[in-house]
Amino acid sequence: MNHVLRERKPHHPADTPRHPVPTEPLERRTLPTALAEEIIGTATEIAVTIDSMSDSSARICHTLTDPGLLDLVDEHAAALPEALRGALRPPATSAGATVITGLPLHDTDLGPTPRDWREAAAWSVERRGASLRLDIAMLLLARCAGEPFGWQGQQGGRLVNNIVPSPGHEHEQSGASSTTLLCPHTEDAFHPRRANLLMLGCLRNPDRVGTTVSSVRQVSLDEGQRRLLGEARLPIVPDVSYGNDFDRHPAVPIATVGAGDDGPTLRYDPAYTPLDAADDEFRSAYEHLGDELERVCRTAVLAPGELLLVDNDVVVHGRVPFAPRYDGTDRWLKRVNVRLPHRRRPAAEAAENGYGQHTVTPFQARIDRCVRPTKIHIRHRGTEDPT
Ligand SMILES: [Fe+2]
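First, a word on scope: everything that follows refers to the structure included in this document.

Conventions we followed
- Residues numbered from 1 in each chain as written.
- Predicted model: local features only at pLDDT ≥ 70, side-chain atom pairs only at ≥ 80, totals over all residues.
- Heavy atoms only, no water.
- Helix = DSSP H or I, 4+ residues; strand = E, 2+ residues; numbered from the N terminus.
- Buried < 20%, exposed > 50% of the residue type's maximum accessible area, 1.4 Å probe, protein only.
- Contact = heavy atoms within 4.5 Å.
- Areas by Shrake-Rupley, 256 points an atom, 1.4 Å probe, with all protein chains shown as cover.
- Axes fitted to C-alpha atoms, helices over the stretch in contact; angles between N-to-C directions.
- Parallel < 35°, antiparallel > 145°, perpendicular 65-115°, else oblique.
- Left-handed = near helix turned anticlockwise from the far one by under 90°.
- Nonpolar A, V, L, I, M, F, W, Y, C, P; charged D, E, K, R; others polar.
- Donors = N, O, S within 2.8 Å, 3.2 Å for Na, K, Ca; no water.
- 1 Å grid on protein atoms, 1.4 Å probe; cavity = no way out; pocket = protein on both sides within 12 Å on 5 of 7 lines; lining within 4 Å.
- Points joined across faces, edges and corners; volume = space filled by probe spheres on them.
- Salt bridge = Lys/Arg side-chain N within 4 Å of Asp/Glu carboxyl O.
- Expected span 1.5 Å × (residues − 1).
- Pairing = 2+ DSSP bridges.
- Core = buried A, V, L, I, M, F, W, Y, C linked by side-chain atoms within 4.5 Å.
- Phe/Tyr/Trp six-rings, centres within 6.5 Å; stacked < 30°, edge-to-face > 60°.
- Polar contact = N/O pair within 3.5 Å; in protein donor to acceptor, adjacent residues only side chain to side chain.

Looking only at helices and strands, the protein features 10 helices and 14 strands. Counting over 387 residues, the protein shows a buried share of 57%. Partitioning the contacts of the protein with sequence separation of at least 6, the portion at a separation of at least 24 is 85%. For the protein, the accessible surface area stands at approximately 16000 Å², while carbon and sulfur atoms represent 52% of it.

The next point concerns the packing of helix H1 (residues 33-52) against helix H3 (residues 67-79). Axis separation between H1 and H3 bottoms out at 11 Å; the angle between their running directions is 155°. The angle between H1 and H3 places the two elements in the roughly antiparallel class. Where H1 crosses over H3, the two elements pack in a sense that is right-handed. Note on element contacts: H3 touches H1 through Leu69, Leu72, Val73 and His76, opposite Thr42, Glu45, Ile46, Thr49 and Ile50. Here the contact of H1 with H3 is composed, by residue class, of five nonpolar, three polar and one charged.

Turning our attention to the coordination of the iron ion. Within the protein, the iron ion binds to His185 (NE2), Glu187 (OE) and His317 (NE2); these donor distances fall in the range 2.1 to 2.3 Å. Here the donor residues of the iron ion share one chain and are spaced in sequence as H-x1-E-x129-H. Taken together, the residues His185 in strand E5 (residues 182-185) and His317 in strand E12 (residues 315-319) connect sequence positions 132 residues apart. Residues His185 and His317 agree in their burial class; the two are buried.

We now examine the layout of surface pockets. What the second largest pocket holds in volume is close to 630 Å³. Ser174, Gly175, Ala176, Ser241 and Arg335 are the residues nearest the centre of the second largest pocket, which is lined by 33 residues in total. In terms of residue count, E12 provides more of the lining of the second largest pocket than any other element does, three residues in total. For the lining of the second largest pocket, the per-class residue count stands at nine nonpolar, 15 polar and nine charged.

As a further point, take the pattern of salt bridges. When charged atoms on two side chains of opposite charge get close, those side chains can pair. Evaluated as defined, the whole model comprises 22 salt bridges. Linking Arg335 and Glu187 is a salt bridge whose minimum nitrogen-to-oxygen distance equals 2.9 Å. Placement of Arg335 in strand E13 (residues 332-339) and of Glu187 in the loop between E5 and strand E6 (197-204) is noted, with a sequence separation of 148 residues between them. Across this residue pair, the class does not change: Arg335 and Glu187 are buried.

Another point: empty space enclosed by the protein. The full count for this structure, using the stated rule, is four cavities of 30 Å³ or more. The volume enclosed by the largest cavity comes to roughly 70 Å³. As for the largest cavity, its lining consists of Leu103, Leu105, Leu134, Ala137, Met138, Gly201, Cys202, Leu203, Gly305, Glu306 and Leu307. Of all the secondary-structure elements, those providing two or more residues to the lining of the largest cavity are helix H7 (129-145) and E6.

Our focus in this paragraph is helix H9 (residues 280-295). The end-to-end C-alpha distance of H9 is 22 Å, a good match for the 22 Å that 16 residues give at a rise of 1.5 Å each. Within H9 the residues assigned to the buried category are Phe282, Ala285, Tyr286, Leu289, Gly290, Glu292, Leu293, Glu294 and Arg295. Where H9 is buried, its residues touch strand E7 (210-215), helix H8 (223-229), strand E8 (257-260), strand E9 (263-266) and E12.

Before going further, it helps to spend a moment on the sheet that holds strand E10 (residues 298-301). Whenever strands of a sheet pair, they do so through backbone hydrogen bonds, lying parallel or antiparallel. Read from one edge to the other, the open sheet built from four strands follows the order E5-E12-E7-E10, with strand pairing classed as antiparallel. Both outer strands of the open sheet, E5 and E10, are each paired with one neighbouring strand and no more. Across the sheet, the mean angle from the axis of one strand to that of its neighbour is 20°, orientation sign disregarded. Judged from the five bridges that link them, E7 and E12 form a sheet pairing that is antiparallel. The residue bridging Thr211 from the neighbouring strand is Arg319, located in E12.

Within the largest apolar cluster, 49 residues are counted, with the highest numbers of intra-cluster contacts made by Leu31, Leu84 and Met199. For this core, the secondary structure elements donating two or more residues are H1, H3, helix H4 (82-87), H7, E6, strand E11 (307-311) and E13. Among the elements that take part in this core, H7 stands out by supplying 12 residues, more than any other. For Leu84, the contacting residues outside a window of four places in its chain are Leu31, Leu35, Ile39, Leu141 and Cys144.

Bridge count between E8 and E9: four bridges; the pairing is antiparallel. Residue Gly260 lies in a different strand from E9, and its bridge partner there is Gly263. If you look at the hairpin formed by E8 and E9, you'll find two residues sitting between the two strands.

What follows deals with the packing of aromatic side chains. As enumerated under the stated definition, the model contains five aromatic pairs in all. Ring geometry for Phe282 and Tyr286: centres 6.0 Å apart, planes at 35°, overall tilted. One end of the pair is Phe282 and the other is Tyr286, both in helix H9 and four residues apart, which spans about a single turn. Residue class for Phe282 comes out buried when judged on its relative accessible area of 1%. Taken together, Phe149, Trp151, Phe190 and Tyr355 form an aromatic cluster joined through their ring pairs.

Bringing H3 into the picture now. Between its first and last C-alpha atoms H3 spans 18 Å; for 13 residues at 1.5 Å apiece the expected length is 18 Å, and the two agree. Sitting at the amino-terminal end of H3 is Asp66, which places a side-chain oxygen 2.7 Å from the backbone nitrogen of Gly68.

Here you go:
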């Protein structure tokens, strides 16, 4: 199946809304200074240990999937204070997103913002420094939240992705874009193994570029719209960052709005959804959902050292347009996908092919071993997250 829409619908979340907008601020959590310093100190200690592993250190830094590094991350994450796991619990409000503040960062330590993810990964190998320490800090934080994982087809399978504006990608619907609106979407909506939590860490954001979040738990849908959107009518195909080599996999219709244990869930990416194939009634419900997501949209302007936790089962995220600088001072985020081992997905998702895209899950076996004894206590309506 071909990409159906190369560009997401170009509307701006700051456009005048037709209904009152929720006014309460996004949930914020502040890491105590001593805890934040302990995280960075632990990441630095691990980085020093990696440096001493002269035979394999370059490989470790490139993808961050080396078993030796995973052992270090597991061991040190387990020793970090329990309060950190509390700070990294999933967002607690219906907005489904939380800003975590307090990580100490010094701009002068970071070096220039790389021009693309390849350069960022290469610099982690060649230069080490603050970027690598923050990669490790992000892994520690993500490990405290759940299971960090990557994608074979995205950024070389690296567990910590670098999000920077890249020349030639300004108008793309991907994290490498800049001058176009990155429209609200579920991260990796096309895949049954998509993240439960998305963790975005800000290294640099000099132009105060906003990240948008919209929660399905704050939208208004009538009974008919909810029923239509709960039916598996249309597929979502992989986004442009995964390339185009997925035509041999049959497109699988999926439900847009689901029923989770705690409220509605969402799987939404209109740019990669063939809406023209739907009837008028479904299109109308889908467009109403888009309007509602726009109405409830909040904008988080991340400062260096802040993390945005996004519940990817509940919230769609995007980014407002901005002018790239390409002078080494550009916006720079680090992104980690996190699976929550106890969270369930609908049974129907287990049969999806994921368009041949595979996750990189070096932590999975050790985490599932740890959580197995508690599974019998969990009430659920769905099944295990498919493997
Ligand atoms: Fe995204």
